[in-house]
Amino acid sequence: MFTAKALLKASLGVGSFLKAPMVEAQPRATPAPTPVLVPIRSIGPRERDRIARHLLSLNAHDRYLRFGYAASDEQVQRYVDGLDFDRDELFGIYNRRLDLIAMAHVAFAPSEQHSGCAEFGVSVAEHARGRGYGARLFERAVVVARNEGVGMLFIHALSENAAMLKIARNAGASVVRSGSESEAHLELPDATFDSRMSEIALEHFAEVDFQLKSRAKQFWSFLAGLQEVRSGMRDARSKSSP
């Protein structure tokens, strides 16, 4: 995990919008590969369409692992339409085209009786796997949940979902298997000043990254449109030449 100081430093000095910055978690006497801080941005109700595109792009097996059943397009859309952005927390990772390539859903218990519990769910686009995005999203979920006063974070997954269960075990969660299904739970410590500052810095860093990617996309779209105009003018001059 990155310290709040390192996160804040990264968020204030994002650098090029074409490449994520590299941030050291702790000084090392021996040179070592520097971890990359992945921008993870909160998702609001205005981005339901992006969420739907991401989930609908999952193949049948991936939907089976994510939802625990072979969800049809209609069932996926109902899930998206029913998301409660006031109660739950959703956040994701975007590529340079602003496509949502990985997302997490932290569902808080609707009943006050179980207000200290939350459930974590994650999905990663097939082409974006193998980069540790699932683990990064889980780390972010832990920070968000503990800052909301959650003492126990649950993961309900199919036993064959090895990637999800590996993320849980690596985080120190206890995993109980019951036939085709498994349940992992991770006890969370109380929120601290550092955990709250980390969440603020992470969100700021991700928002700056998103805005820079948005401007870059607009710039390249402008250049593409300008190129089309120039090409059209050349064609017109060529046709009008004797």
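Sequence order sets the numbering: in each chain, residues are counted from 1 along the sequence as written. Selection of residues for local features in this predicted model requires a pLDDT of at least 70, selection of side-chain atom pairs for listing and counting requires 80 or more, and totals for whole chains, interfaces and linings are taken over all residues. With hydrogens and water stripped out, all remaining heavy atoms of the structure feed into the side-chain values.

Participant: Give me the overall build of the protein chain: which residues, what numbers.
Facilitator: Going along the chain from the N terminus, every DSSP run of H or I of four or more residues is numbered as a helix, and every run of E of two or more is numbered as a strand. Along the backbone of the protein chain there are 7 helices and 7 strands. When the elements of the protein chain are put in sequence order from the N terminus, they spell out α-β-α-α-α-β-β-β-α-β-α-β-β-α. Burial classes follow relative accessibility: with a 1.4 Å probe on protein chains only, a residue under 20% of its type's maximum area counts as buried, one over 50% as exposed, and anything between as partly exposed. By residue count, 39% of the 242 residues in the protein chain fall in the buried class. We call two residues in contact whenever any of their non-hydrogen atoms come within 4.5 Å of each other. Taking contacts inside the protein chain between residues at least 6 apart in sequence as the whole, the part at least 24 apart equals 62%. The Shrake-Rupley method, run with a 1.4 Å probe, gives the accessible areas here. Residue values count only the displayed protein chains as cover. A total of about 14200 Å² of accessible surface is found on the protein chain, and carbon and sulfur atoms cover 53% of it.

Participant: Before we move on, can you summarise unusual backbone geometry with the specific residues and values?
Facilitator: Even without being a glycine, Leu98 presents a positive backbone phi close to 65°. Here Leu98 shows up in the loop between β2 (89-94) and β3 (100-108).

Participant: Summarise the confidence of the model for the protein chain; cite the residues concerned and give the values.
Facilitator: For every residue, the pLDDT score states the predictor's confidence, bounded by 0 at the bottom and 100 at the top. Averaged over every residue, the pLDDT of the protein chain is 80; residues scoring 70 or more account for 74%. Across residues 7-27, confidence stays below pLDDT 50; counting only partners more than four residues off in sequence or on other chains, it has 44 contacts.

Participant: With reference to specific residues and values, describe the packing of helix α3 (residues 60-67) against helix α4 (residues 73-81).
Facilitator: Only the contacting stretch of a helix is used when fitting its axis, a line to C-alpha atoms as for every element, and angles between N-to-C directions run 0 to 180 degrees. Where α3 contacts α4, the axes come no closer than 12 Å and their chain directions differ by 40°. Here α3 lies oblique to α4, going by the angle between them. In the crossing of α3 with α4, the sense of the turn from one axis to the other is left-handed. Here α3 contributes Arg63, Arg66 and Phe67 to the contact with α4, which in turn contributes Asp73, Val76 and Tyr79. Looking at the contact of α3 with α4 residue by residue, the class counts come to 3 nonpolar, no polar and 3 charged. For this classification, under 35 degrees means roughly parallel, over 145 means roughly antiparallel, 65 to 115 means roughly perpendicular, and everything else is oblique. Should the near helix be turned anticlockwise from the far one by less than a right angle, the crossing is left-handed, and should it be turned clockwise, the crossing is right-handed. Note on residue classes: Ala, Val, Leu, Ile, Met, Phe, Trp, Tyr, Cys and Pro are nonpolar, Asp, Glu, Lys and Arg are charged, and everything else, Gly too, is polar.

Participant: Hey, could you go over the pattern of salt bridges for me, with residue numbers and the actual values?
Facilitator: Salt bridges are defined by distance alone: a side-chain nitrogen of Lys or Arg within 4 Å of a carboxyl oxygen of Asp or Glu. In this structure the tally under the stated criterion is 6 salt bridges. Of the charged contacts, one joins Asp88 and Arg87 as a salt bridge, the two residues approaching to 2.8 Å between their closest N and O atoms. Ionic contacts of the salt-bridge type, sharing partners, join the residues Arg41, Glu47 and Arg50 into one network.

Participant: Got a sec to walk through the side chain of Arg63? Specific residues and values, please.
Facilitator: Here Arg63 lies in helix α3. If we ignore the near neighbours within four places in the chain, the residues touching Arg63 are Leu55, Leu56, Leu58, Gly68, Tyr69, Ala71, Ser72, Asp73 and Val76.

Participant: Now, about helix α5 (residues 133-147): what can you tell me, with residues and values included?
Facilitator: Over its 15 residues, α5 runs 21 Å from end to end, which matches the ideal 21 Å to within 8%, given 1.5 Å per residue. Counting buried positions over the 15 residues of α5 gives 12, a clear majority of the element. For α5, the complete set of buried residues consists of Tyr133, Gly134, Leu137, Phe138, Arg140, Ala141, Val142, Val143, Val144, Ala145, Arg146 and Asn147. Two residues or fewer after α5 comes Gly149, characterised by a positive phi angle close to 85°. Each helix should span, by expectation, one fewer than its residue count multiplied by 1.5 Å.

Participant: Can you tell me about the pairing of strand β7 (residues 181-187), naming the residues and giving the values?
Facilitator: Burial of the side chains of β7 is restricted to one face: Ser182, Ala184 and Leu186 are buried, whereas none of Glu181, Glu183, His185 and Glu187 on the reverse face is. Here the rule is simple: two strands pair whenever DSSP picks up at least two bridges between them. Alignment of strand β5 (residues 152-158) against β7, held across 7 bridges, turns out to be antiparallel. In the strand pairing of β7, Leu153 is matched with Leu186. Relative to β7, strand β6 (residues 174-178) runs antiparallel, the two being bridged by 5 bridges.

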